[in-house]
Amino acid sequence: MITINEHYNKLQASYLFSNIAKRVTEYQKNNPEKEIIKMGIGDVTKPLPPACIKAFHRAVDEMAKESSFRGYGPEQGYEFLRKAISENDFQVRGAAIEADEIFVSDGAKCDTGNIQELFSTEIVVAIPDPVYPVYLDTNVMAGRTGNFQKGRYENIVYLNAVKENNFVPALPEQKVDLIYLCFPNNPTGSTISRDELKTWVEYARQNKALILFDAAYEAFINDAALPKSIYEIDGAQEVAIEFRSFSKKAGFTGTRCAYTVVPKACTAYDSSGQQQLLHNLWSRRHSTKFNGVSYPVQRAAEAIYSPEGQQQSADLITYYMTNAALIRSQITALGYECVGGDNSPYIWIDGHADSWKFFDLLLEKAGVVCTPGAGFGTCGEGYIRLSAFNSYENVSLAMQRIRQSLD
Ligand code: MLT
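What counts, and where the lines are drawn
Residues numbered from 1 in each chain as written. Predicted model: local features only at pLDDT ≥ 70, side-chain atom pairs only at ≥ 80, totals over all residues. Heavy atoms only, no water. Near = heavy atom within 4 Å. Polar contact = N/O pair within 3.5 Å; in protein donor to acceptor, adjacent residues only side chain to side chain. Areas by Shrake-Rupley, 256 points an atom, 1.4 Å probe, with all protein chains shown as cover. Nonpolar A, V, L, I, M, F, W, Y, C, P; charged D, E, K, R; others polar. Helix = DSSP H or I, 4+ residues; strand = E, 2+ residues; numbered from the N terminus. Buried < 20%, exposed > 50% of the residue type's maximum accessible area, 1.4 Å probe, protein only. Contact = heavy atoms within 4.5 Å. Salt bridge = Lys/Arg side-chain N within 4 Å of Asp/Glu carboxyl O. Core = buried A, V, L, I, M, F, W, Y, C linked by side-chain atoms within 4.5 Å. Expected span 1.5 Å × (residues − 1). Arc of directions from axis to C-beta. Domains from an automatic or database assignment. Buried area = accessible area lost by both parts, 1.4 Å probe.

Draft legend 1. Expanded view of the site of the ligand. Every residue near the ligand is listed here: F17, I41, G42, Y132, N186, Y217, K248, Y346 and R385. Note that an oxygen atom of the ligand is positioned 2.7 Å from one of the backbone N or O atoms of G42. In this structure, K248 approaches the ligand through a side-chain N or O atom, which is 2.7 Å from an oxygen atom. Coverage of the ligand by the protein amounts to 85% of the 270 Å² it exposes when considered alone. The residue inventory of the shell around the ligand, partitioned by class, reads five nonpolar, two polar and two charged.

Draft legend 2. Broad picture of the environment of V44. The topology assignment puts V44 in the loop between β1 (37-38) and α2 (50-63). Its relative accessible area of 12% is what places V44 among the buried residues. In this structure the C-alpha to C-alpha distance between V44 and D177, which are 133 residues apart in sequence, comes to 35 Å.

Draft legend 3. Main features of the environment of Q275. For Q275, the position within the fold is in strand β12 (residues 275-277). Given a relative accessible area of 51%, Q275 falls into the exposed group. Discounting residues that sit within four places of it in the chain, Q275 has contacts with T267, A268 and Y269. For Q275, the side chain forms a polar contact with the side chain of T267, separated by 3.2 Å. A distance of 3.2 Å separates a polar atom in the side chain of Q275 from a polar atom in the side chain of Y269.

Draft legend 4. Layout of the pattern of salt bridges. All told, the structure shown has 20 salt bridges when counted by the stated rule. Across the pair R93 and E232 runs a salt bridge, and its minimum N-O distance is 2.7 Å. Highlighted residues: R93 in the loop between α3 (79-90) and β2 (102-105) and E232 in the loop between β8 (210-214) and β9 (240-245), separated in sequence by 139 residues. Its relative accessible area of 35% is what places R93 among the partly exposed residues. The buried category is assigned to E232, whose relative accessible area is 15%. For R285, the salt bridge is made with E117, and the minimal N-O distance between the two is 3.1 Å. Of this pair, R285 sits in helix α8 (residues 278-289) while E117 sits in the loop between α4 (108-114) and β3 (125-129), and the two are 168 residues apart along the sequence. Shared partners join several salt bridges into a network, and the residues in it are D89, E218, K228, E242, R244 and K249.

Draft legend 5. Summary view of the nonpolar core. In terms of nonpolar packing, the biggest core is built from 54 residues, with I179, I211 and F252 touching the most fellow members. If near-sequence neighbours (up to four positions away) are discounted, F252 is found in contact with L48, C52, F246, S247, C257, V297, A300, A301 and I304. Of all hydrophobic cores here, the second largest spans 48 residues; its members include I331, Y336, L362 and A398.

Draft legend 6. Inspection of α8 at higher detail. In this model, α8 (12 residues) spans 16 Å end to end at C-alpha, consistent with the 16 Å of a helix rising 1.5 Å per residue. Listed in full, the buried residues belonging to α8 are L278, H279, W282, S283, R285 and H286. For α8, the angular spread of buried residues about the axis comes to 165°, placing them on one side. In α8, the exposed residues that point more than 90 degrees away from the buried face are R284 and T288.

Draft legend 7. Structural detail: the domain arrangement of the protein chain. Domain annotation for the protein chain reports domain 1 (12-47 + 309-406) and domain 2 (53-307). Distance between the C-alpha centres of domain 1 and domain 2: 25 Å. The interface is formed by 33 residues belonging to domain 1 together with 44 residues belonging to domain 2. Summed over both partners, the interface of domain 1 with domain 2 buries about 2,900 Å², with 57% contributed by carbon and sulfur atoms. In terms of surface lost to domain 2, no three residues of domain 1 exceed Y15, N343 and C379, which account for 21% of the buried area on that side. At the boundary of domain 1 with domain 2, the tally comes to two salt bridges. In this structure, the salt-bridge partner of D350 is K163, at a minimum N-O distance of 2.6 Å. Linking domain 1 with domain 2 are 18 residue pairs in polar contact (both at pLDDT 80 or more). Elements with a contribution of two residues or more to the side of domain 1 that touches domain 2: α10 (307-333), β13 (337-340), β14 (346-350) and β17 (383-387). The class makeup of the residues in the side of domain 1 that touches domain 2 is 15 nonpolar, 13 polar and five charged.

Structure, rendered in structure tokens:
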């Protein structure tokens, strides 16, 4: 008899963003005359930077000729892209990350979801609340949790990110082995200072723990004092894996390209207490389960690091951050407290109301789709998240409609 992985039965019925999409489709079906503005899932709306498109086309042309055609590439990514990443994203900021410590992939969602395969199911996992649901759901699937009780899974150490701690969780009171951190944060848009990040690195070093640092939104950091990479902190290379993405930085949500950094100094332990290199394990996993990102996509990603590409992707960020500033100012003017939107594309709004009810109200009265905070965890209850990824015109119209429906 074929039997299932019963840990899947512990999961909530559907993935947060699929659930929202279903509700919105249903609403549209019943109200076909209503024009909806989507500010829920963080999906970009502007096209790829021209420098990326040019490189993409050029690479497609190469694939059309026998002399330049390429079949399977290296699973970890082409050297040209890994080198551009290590030099431009790390070495210029004083973080000594080498090209062969970069693993190019098709998304930070997949990488942050898959990385837990490297670790025992017996470890103690610490996960922020609220949180990007992938970290939690993939640990549930792997069997590291108990059942879902009163909004939380048993056997997970939740790290509350709430108003009182500026949405930066405190160190756990009990000893944990694996820690998920995301800054600039999804969903709250909060950021972490260098000193705060240092305390996490010290905790990991003292407790033989590992930090999974999701930096998918680093490109939105305006404040030069904030760290963009955990490797800007001394000693982090031994205790942290970092995830980055070209999705929001350069419009690659549909094109798919991201990368994960596993430094060669980064270790975990086997059951006899011997240190094992996580680089070897991730490399083994990557080459067994993945055949690499397509050549044209990697050429398009490489072009982000050209002078034109840098300027064009910076312009995209500025565009979305202008939206974020508009959302922040309008929401504040309406008397709601919010965070985010200054170094991140997400604005986390205290709605002082049931967040799914607030979601329904915005959808029905304003025709605006947000993400209900409760979907990210119990600490998200009462909040909604608005994403700045849309056209300025749509964001302005959405804010006008929200003003009219909440005033
Ligand atoms: C979000 O809206 O939280 C993100 O777009 C989801 C993702 O990156 O997978």
